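Okay, here's what each chain looks like letter by letter:
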Amino acid sequence: MTISIRTNLIRAAIAAAALSLTACGPLIVLAPAGGYAVGAAGATTLDRPWNDATGLLAGYKKVRLLTQDGLLLNRLYLTEGLVQGDHIVPPAQRREATTPTYSTAMSVTEQVEFVADSVAALGYERVETTAPRPVTINGHRGVRFDFTAVNADGLNYKGVGQAVKKDDRLFVAIYLATEEHYFAASLPSATATMDALTFN
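Throughout this description, residue numbers start from 1 for each chain and increase along the sequence as written. Only residues with pLDDT of at least 70 get local features here, since the model is predicted, and only at 80 or more are side-chain atom pairs given and counted; chain-wide, interface and lining totals rely on the full set of residues. The side-chain quantities take in all heavy atoms of the structure and omit both hydrogens and water.

Q: Tell me about the overall build of the protein chain, and name the residues and values.
A: Only runs of H or I of at least four residues qualify as helices and only runs of E of at least two qualify as strands under DSSP, and these elements are numbered from the N terminus. For the protein chain, the helix and strand inventory stands at three helices and eleven strands. Ordered by position in the sequence, the α and β elements of the protein chain form the string α-β-β-β-β-β-β-α-β-β-β-β-α-β. As presented, the protein chain carries roughly 9,500 Å² of accessible surface, and 54% of it is formed by carbon and sulfur atoms. Note on areas: these come from Shrake-Rupley sampling with a 1.4 Å probe, and a residue is covered only by the protein chains present in the view.

Q: Talk me through the sheet that holds strand E3 (residues 42–46); I want residue IDs and the actual numbers.
A: Reading across the sheet, the three strands line up as E2-E3-E11 and stay open at both edges, with antiparallel pairing between neighbours. Of all strands in the sheet, those with a lone pairing partner are strand E2 (34–38) and strand E11 (198–199), marking the two edges. Strand pairing follows a simple DSSP-based rule, namely that at least 2 bridges must link the two strands. Note that E3 and E11 share two bridges and pair antiparallel. Residue pairing in the sheet places Gly42 in a bridge with Phe199 of E11.

Q: Go over the side chain of Asp86, please, and point to the residues and values.
A: Tracing the backbone through its elements, the reader meets Asp86 in the loop between strand E6 (74–79) and helix H2 (108–121). Two N or O atoms form a polar contact when they lie within 3.5 Å of each other; inside protein one atom must be a possible hydrogen donor and the other a possible acceptor, and for residues adjacent in sequence the pair counts only when both atoms belong to side chains. Polar side-chain contacts of Asp86 include one of 2.9 Å to the backbone nitrogen of Val83. If we ignore the near neighbours within four places in the chain, the residues touching Asp86 are Lys62, Gly81, Pro100, Thr101, Tyr102 and Phe114. Contacts between residues were defined by any pair of non-hydrogen atoms, one from each residue, lying within 4.5 Å.

Q: I'd love a proper account of the nonpolar core, names of residues and values included.
A: The definition of a nonpolar core used throughout is a set of buried Ala, Val, Leu, Ile, Met, Phe, Trp, Tyr and Cys residues joined through side-chain atoms within 4.5 Å. A simple rule labels every residue: compare its accessible area, found with a 1.4 Å probe on the protein chains alone, to the largest value its type can have, and call it buried under 20%, exposed over 50%, or partly exposed in between. Counting residues in hydrophobic clusters, the biggest one holds 28 residues, and the most contacted among them are Ile88, Phe114, Val172 and Ile174. Counting residues per element, the ones that place at least two in this core are strand E5 (63–67), H2, strand E8 (140–150), strand E9 (156–166) and strand E10 (169–178). If near-sequence neighbours (up to four positions away) are discounted, Phe114 is found in contact with Leu82, Asp86, Ile88, Pro100, Thr101, Tyr102, Met106, Leu170 and Val172. The next biggest cluster of nonpolar side chains, apart from the first, holds 24 residues, and it includes Ala31, Leu46, Leu76 and Met194.

Q: Explain the confidence of the model for the protein chain to me, using residue names and the numbers behind them.
A: Within a predicted model, pLDDT stands for the predictor's per-residue confidence, ranging from 0 to 100. Overall, the prediction assigns the protein chain a mean pLDDT of 89, with 84% of residues at 70 or greater. Scored below 50 in pLDDT, residues 12–19 makes nine contacts in the model with residues more than four places away or belonging to other chains.

Q: Can you explain the side chain of Lys166? Please cite residues and give values.
A: When you line up the elements, Lys166 lands in strand E9. In this count, Lys and Arg are taken as positive residues and Asp and Glu as negative ones, while His and the chain termini are left out. Salt bridges are defined as contacts in which a side-chain nitrogen from Lys or Arg sits within 4 Å of a carboxyl oxygen from Asp or Glu. In this structure Lys166 is buried but unpaired, with Asp167 as the nearest side chain of opposite charge at 4.5 Å. Engagement of the side chain of Lys166 in a polar contact is seen with the backbone oxygen of Phe199, the distance being 3.2 Å. Excluding residues that lie within four positions of it along the chain, Lys166 makes contacts with His140, Phe171, Phe199 and Asn200.

Q: Any chance you could break down the pairing of E3 for me, citing the residues and the numbers?
A: Residues of E3 alternate between two faces, with Gly42, Thr44 and Leu46 buried on one and Ala43 and Thr45 left unburied on the opposite face. Inspection of the sheet shows E2 paired to E3 by five bridges, in the antiparallel sense. Across the sheet, Gly34 pairs through a bridge with Leu46, a residue of E3.

Q: Pulling in residues and values, what's your account of the pattern of salt bridges?
A: Taken as a whole and assessed by the stated rule, the structure comprises five salt bridges. A salt bridge links Arg64 to Glu80; its shortest N-O distance comes to 3.9 Å. Note that Arg64 is positioned in strand E5 and Glu80 in the loop between E6 and H2, a separation of 16 residues in sequence. On the accessibility criterion, Arg64 (22% relative accessible area) is partly exposed.

Q: Describe unusual backbone geometry, and please don't skip the residues or the numbers.
A: Residues other than glycine predominantly adopt negative phi, and peptide bonds predominantly adopt the trans conformation. Even without being a glycine, Ala131 presents a positive backbone phi close to 55°. In this fold, Ala131 is placed in strand E7 (residues 125–137). Here the phi dihedral of Asp168 falls at roughly 70°; this positive angle occurs in a residue that is not glycine. Relative to the helices and strands, Asp168 is located in the loop between E9 and E10.

Q: Requested: an account of the sheet that holds E8, with residues and values cited.
A: Sheet architecture is open: eight strands sit in the order E1-E4-E5-E6-E10-E9-E8-E7, paired in antiparallel fashion. Looking along the sheet, the strands with just one partner apiece sit at the ends: strand E1 (29–31) and E7. Going across the sheet, the axis of each strand differs from the next one's by a mean of 25°, ignoring polarity. As defined by bridge partners, E9 adjoins E10 across ten bridges and the pair is classed as antiparallel. Opposite Gly161, over in E10, you have Ile174 as the bridge partner. Interaxial angles span 0 to 180 degrees and are taken between N-to-C directions of axes, which are lines fitted to C-alpha atoms, for helices over the stretch in contact. Its contacts with the sheet put helix H3 (residues 182–195) on strand E4 (50–52), E6, E7, E8, E9 and E10, and the angle it makes with E10 is roughly 165°.

Laid out in structure tokens, this is it:
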């Protein structure tokens, strides 16, 4: 893909993102800097304002969605504690397990695969994980890793995934953004939000 094509894709994404942020009304609301509840089972602290797009997640349970510049450019998913049989992405058919399902028996490697497969279930392609590393969040050990992906239009994305287990519940965070500019621009705020997570 040439630089000019990538630039045109980024420009189109910016235009679409700006339109989505202005057209969705109350479905996207401001999440000011400070405390932010992640359902009943968790919370974090936002170091700067984000846009809360959770209202757009029809059918999702235990998931919060934040964005800085529009969902095509960057997004941050935060989950409440997932229990046995829970999904990040809801199944396409209610009676079929069509998306990755959490199991309390998962190893750390399988937790990474669960998060990566959930990114693929969001519609991204060629999801590849790298650099898994230990992390301690709110006194609980977990794993953080990097990943890359491509959307259906060929736009390249980079991301950071995190999975922390407490009392058989899995708390997941997924940050992803366009490879050019937006990933690096919001990465410090996204990782600060991940670092500040607390679990009830």
